[in-house]
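Chains, contacts and geometry: an overview
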Amino acid sequence: MEETSLEAKSLPTVGETKCHDDVEEMARTVDNGGRQRVTGRWPKKGLAGGSGIEDWLDFAFPRVEFVIALAGLILSPAVIGETASGKLITSEAINGIGVFGAFGYAGLLFFSGVKMDPAMVITGLAGGSGIEDWLDFAFPRVEFVIALAGLILSPAVIGETASGKLITSEAINGIGVFGAFGYAGLLFFSGVKMDPAMVITVSRRAVYIGLLAIVPPAVFSVTILQVFCLSEEERVKALGISIGYVASTYPVITCMLSELKIINSELGRIAQTSAIVSDVLCVLLFMIISLFRENVDNALKQLAIIIIYTSFVFLVIRPAIKHLIKRIPKGKPLDNFYLGLFIFMFLASIVMARWAPRFRYLGPYVLGLAIPDGPPVGSTLVEKLETMINHFFLPMLFATAGMRVEKLFFIIRNHISIITLSNAAIAIIVKLGACLLPPLYFNMPLKDAFTIAIIMCSKGAVELAGFIYANDKRVINAEFYAMLFYFVLFMSSIVPMLVKILYDPSKKYAGYNKRNLMALKLHSPLSIVTCIHVPDDVCAVINLLDVAWPSKDNPMSVNVLHLMKLRGQSTPIFISHDKTKSLRGPSHYENIIAYFDKFEGNNWGAASVNAFTAVSSPDFMQEDVCTLALDKTASLIILPFHRRWYIDGSVESDDKYIRTLNSRVLEMSPCSVGIMIDRGSNINMPLHDDPLSELEYKVAAIFIGGPDDREALTFAKRMALNTRVSLTVIHLVAAGNEDGDNWGKMLDTVILRDVKNNGYIHYKEKVVSGGPESATMLHALVHEFNLMIVGRRVDLESQQTSGLKEWSEFPELGALGDLLASADYSSRCSILIVQQQQTT
């Protein structure tokens, strides 16, 4: 799967007439683009001369823990005596080392629990009743669990005495420093992954949602506080807290969308772009409220510091970083020296809190915005550091938030607490209603509009950090803080659950309308979505389309989707390439588009090409593929296989992300799907321009029966219209009579009768008694063809494939597809596995 690096593998010029044999020869010894190489194990030879003694050692040698324990025993008083042992290792040293040992034992128990799936226990007790699915749906987010763990250790649960013995206030403050560092890192990386230019380019709908998510709740909150607060002190205190329940922040919403795996969906994109607008308003609102609480001189001083710092970052540091990016060679990673320099800049940005304490976390956020997203700088920072921030430092923020709670149950009697709780509830209701209006105005379904409104009410780390700061500064009391803590916990757990209930992105791909090859009317255009990961995919796809024979009587519409891995960015990008406009600057997909432009030119009037680029996380790429297929009413999606071969048949690379993507597209596709296994056969060589060429492209369609086989045969029959293609249909018939679906058998008979009556198609019938005989027969035939087309038939049992599933390496390809993709069939024949649209 290609990444969004500035360097891409170059394609040959459009005028070339063959795919690089010399480059493929070179690729045998040079690692191709950093992809994983598939190699065997090194032989176990050495002093033992390969005699097998190393196997005996591996069997009989004691465990490493046993050896370490023996080493400790040797140093004990029992072996070397008390005097010698006391001189070597004192009791204080043993106790010190024992602390680390105790920590290691605790870690062993912890990670044993981490690696254990509690749902497996429940599944066994419940007899597989589906309760584990309910847990997966209803269990709260990880921040909620960590905060509850902190709450359990707080004085509110175990009492002040026990809590004071377990964790002192100094320890909480010490852990809180790490939590604060994690929160600063969260804001910094949110800025790094955000493109500030998106604020200008967002849609009108997103602007309206972002504005209405902040302005109406803020107006209502300020009005309520002005009316019901009894004193100016109450009003100022409540106004500072109100930003926590009025805000809709970009980091919180983006994290939640990623956890729910809907960030690439249409609704996720709308919510994320709306969050960018609301986040800008939140920062401005926070600055106004914070400055309002200061005296005039101090407010002007802090405002001047913010303006000077922001100007310096964007006018000096950002241009310097862009100049650095230009000096880095294309494709080369960021040097460790510069990585350390950026870490120093991040730490220095936190020091801004010394001069502007109310804006202590604005420094890292602004610095992150100044760093260009994507490679080589933004992506390197995210890949190297974000995991440590999110999984080590940030959880401490939630843990210490729970530890600070002093009251578990309480009755709200304080006037300001009653006003704040009522104000928060009214603000959430107003926000919910206001965010409903723009989607409904733009004709979005009510259910989806309500889901977006709920997403904009998300609460998380940003709001919780503000409440912790207010508690530490004694702006609010223990009861007030506990109420706000429970409010954040409630919102951070209920919002994801409601979104899961209301929105399922896979439902829009449900096949209520037939979008497959068999359903196409005669001479109607065939719409295809073809995916490209790396330039190596281009030759195979284009020539497959050429063999499929686009003509004026049978036109073809090809939608090329270039899939690229999102690196150092949080917002997925979908680009539609306009042919009338030239691409800005050098582009690594220019050659890909040029190849498909040539295909369109060679088939002028018979084929049209539309090019798209999707930059997103590998976990969500299936959304881009299926959405494009749905929008373009495609009948077929062509996906490259995840494994690639050298010209001699050896495996070049194996990409697990592409395999996962293919499996997900097969599950949720709105149309038929074909997986193309390219083995470097003649299909990868461009077709001759001369229609009278003697060169034949031999295509075989393997037919057993079922909807997938009928779909595959329909596509093969389209190829038979090409005068340069020789199509052979091989019908595998069971040795005995098989009971099955009578309607399905009748459909099989009809399509085969059409094949038998077609003079341009060779029909062969092979009687087989089981899967092994089918495998032997296909092994003998595979060398005779350039391309084989088979149906996926993943859930169909038949005598012809019996026994093949037990040896399956790629079950997503079906029995025959997996067989033909195995290393035993190392021929030059390429394979196309077809699955018909799965209708509901």
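Here is what the cut-offs are and how they apply
Residues numbered from 1 in each chain as written. Predicted model: local features only at pLDDT ≥ 70, side-chain atom pairs only at ≥ 80, totals over all residues. Heavy atoms only, no water. Helix = DSSP H or I, 4+ residues; strand = E, 2+ residues; numbered from the N terminus. Buried < 20%, exposed > 50% of the residue type's maximum accessible area, 1.4 Å probe, protein only. Contact = heavy atoms within 4.5 Å. Areas by Shrake-Rupley, 256 points an atom, 1.4 Å probe, with all protein chains shown as cover. Core = buried A, V, L, I, M, F, W, Y, C linked by side-chain atoms within 4.5 Å. Salt bridge = Lys/Arg side-chain N within 4 Å of Asp/Glu carboxyl O. Axes fitted to C-alpha atoms, helices over the stretch in contact; angles between N-to-C directions. Parallel < 35°, antiparallel > 145°, perpendicular 65-115°, else oblique. Left-handed = near helix turned anticlockwise from the far one by under 90°. Patch = residues over 30% accessible without salt bridge, like charges linked within 9 Å, V, L, I, M, F, W, Y side chains within 5 Å. Nonpolar A, V, L, I, M, F, W, Y, C, P; charged D, E, K, R; others polar. Pairing = 2+ DSSP bridges. Phe/Tyr/Trp six-rings, centres within 6.5 Å; stacked < 30°, edge-to-face > 60°. Lys NZ or Arg CZ within 6 Å of the ring centre and 35° of its normal. Right-handed = clockwise from strand over helix to strand, strands pointing away. pLDDT = per-residue confidence, 0-100.

Notes on the overall build of the protein
Summing up its helical and strand segments, the protein has 32 helices and 14 strands in all. When burial is assessed residue by residue, the protein has 49% of its 840 residues classed as buried. Within the protein, contacts between residues separated by at least 24 positions form 83% of all contacts whose residues are at least 6 apart in sequence. With the model as given, the accessible surface of the protein reaches about 41,800 Å², and the carbon-plus-sulfur share is 62%.

Description of the nonpolar core
Judged by nonpolar contacts, the single largest core of 77 residues is most densely connected at Y183, I241, I455, Y481, F485 and V499. The greatest single-element share of this core, amounting to 12 residues, is contributed by helix α24 (residues 478–502). Discounting residues that sit within four places of it in the chain, I455 has contacts with I253, M256, L257, I262, L267, A271, V495 and V499. In terms of nonpolar packing, the next biggest core, distinct from the first, is built from 50 residues, C531, A614, L732 and M788 among them.

Looking at the pattern of salt bridges
Summed over the entire model, instances satisfying the criterion amount to nine salt bridges. D624 is the partner of R269 in a salt bridge, and the nearest nitrogen-oxygen pair spans 2.5 Å. Within this pair, whereas R269 is found in helix α16 (residues 266–292), its partner D624 is found in helix α27 (residues 621–631), the two being separated by 355 residues in sequence. The partner of D748 in a salt bridge is R710, with the nearest N and O atoms 2.6 Å apart. Placement of D748 in helix α30 (residues 742–756) and of R710 in helix α29 (residues 707–719) is noted, with a sequence separation of 38 residues between them. Residue D748 shares its accessibility class with R710, and that shared class is buried.

Some points on unusual backbone geometry
Phi is positive for K261, close to 60°, though the residue is something other than glycine. When you line up the elements, K261 lands in the loop between α15 (250–260) and α16. Non-glycine residue N443 carries a positive phi angle of around 65°. As for its position among the elements, N443 is in the loop between α21 (415–441) and α22 (446–455).

So, the packing of α29 against α30
For the pair α29 and α30, the least separation of the axes is 11 Å and the interaxial angle reads 15°. Classed by the angle they form, the pair α29 and α30 counts as roughly parallel. For the crossing formed where α29 meets α30, the hand is left-handed. Facing α29, whose interface residues are R710, L713, T714 and K717, α30 presents G744, L747, D748, I751, L752, D754 and V755.

A short note on a nonpolar patch on the surface
A cluster of nonpolar residues, I152, L153, V157, I158 and L166, forms a patch on the protein surface that exposes about 410 Å² of accessible area. Here I152 shows up in helix α9 (residues 142–152).

Considering the packing of helix α14 (residues 232–246) against α16
It is the contact of α14 with α16, at a shortest axis distance of 9 Å, that shows an interaxial angle of 170°. Viewed along their axes, α14 and α16 adopt a mutual orientation that is roughly antiparallel. Side by side, α14 and α16 meet where L239, G240, S242, I243 and V246 of the first sit next to C282, L285, F286, I289 and F292 of the second. Classifying every residue of the contact of α14 with α16 gives eight nonpolar, two polar and no charged.

A few points about the pairing of strand β6 (residues 636–640)
Most of β6 sits inside the fold, with five of its five residues counted as buried. Side-chain alternation along β6 places L636, I638 and P640 on one buried face and I637 and L639 on a second face that is also buried. Strand direction decides the pairing type here: strand β2 (residues 526–532) and β6, joined by three bridges, are parallel. If you follow V529 over to β6, its bridge partner there is I637. Two elements, β6 and strand β9 (residues 672–677), share five bridges in a ladder whose sense is parallel. If you follow P640 over to β9, its bridge partner there is M676.

A word on the packing of aromatic side chains
Any pair of aromatic rings gets described here by the distance separating the centres and the angle formed by the planes. Inspection of the entire model under this criterion finds 13 aromatic pairs. Consider the rings of Y208 and F442, whose centres lie 6.2 Å apart with planes at 25°: the pair is stacked. On the criterion of sequence distance, the pair formed by Y208 in helix α13 (residues 204–228) and F442 in the loop between α21 and α22 is long-range, its members being 234 residues apart. Through successive ring pairs, a cluster of aromatic residues spans F178, F181, F188, F189, F346, F392 and F393. A cation over a ring is seen here: K565 above Y657, with NZ or CZ 5.4 Å from the ring centre. For the cation-ring pair, K656 lies above Y657, with the distance from its terminal atom to the ring centre recorded as 5.6 Å.

Here we look at the pairing of β2
Of all seven residues in β2, seven are buried; the element is thus mostly enclosed. Residues of β2 alternate between two faces, with L526, I528, T530 and I532 on one and S527, V529 and C531 on the opposite face, all of them buried. Both β2 and strand β3 (residues 556–565) contribute to a ladder of seven bridges, which runs parallel. Residue I532 lies in a different strand from β3, and its bridge partner there is H562. In this fold, the crossover linking β2 to β3 by way of helix α25 (residues 536–547) has right-handed handedness.

Side note on the confidence of the model for the protein
In this model, the protein carries a mean pLDDT of 75, and residues with pLDDT of at least 70 account for 76%. Low pLDDT, under 50, characterises residues 2–64; the stretch is placed with 81 contacts to residues that sit more than four places away or in other chains. Here residues 580–586 is modelled with pLDDT under 50, and outside its nearest four sequence neighbours on either side it reaches six contacts, counting other chains as well.

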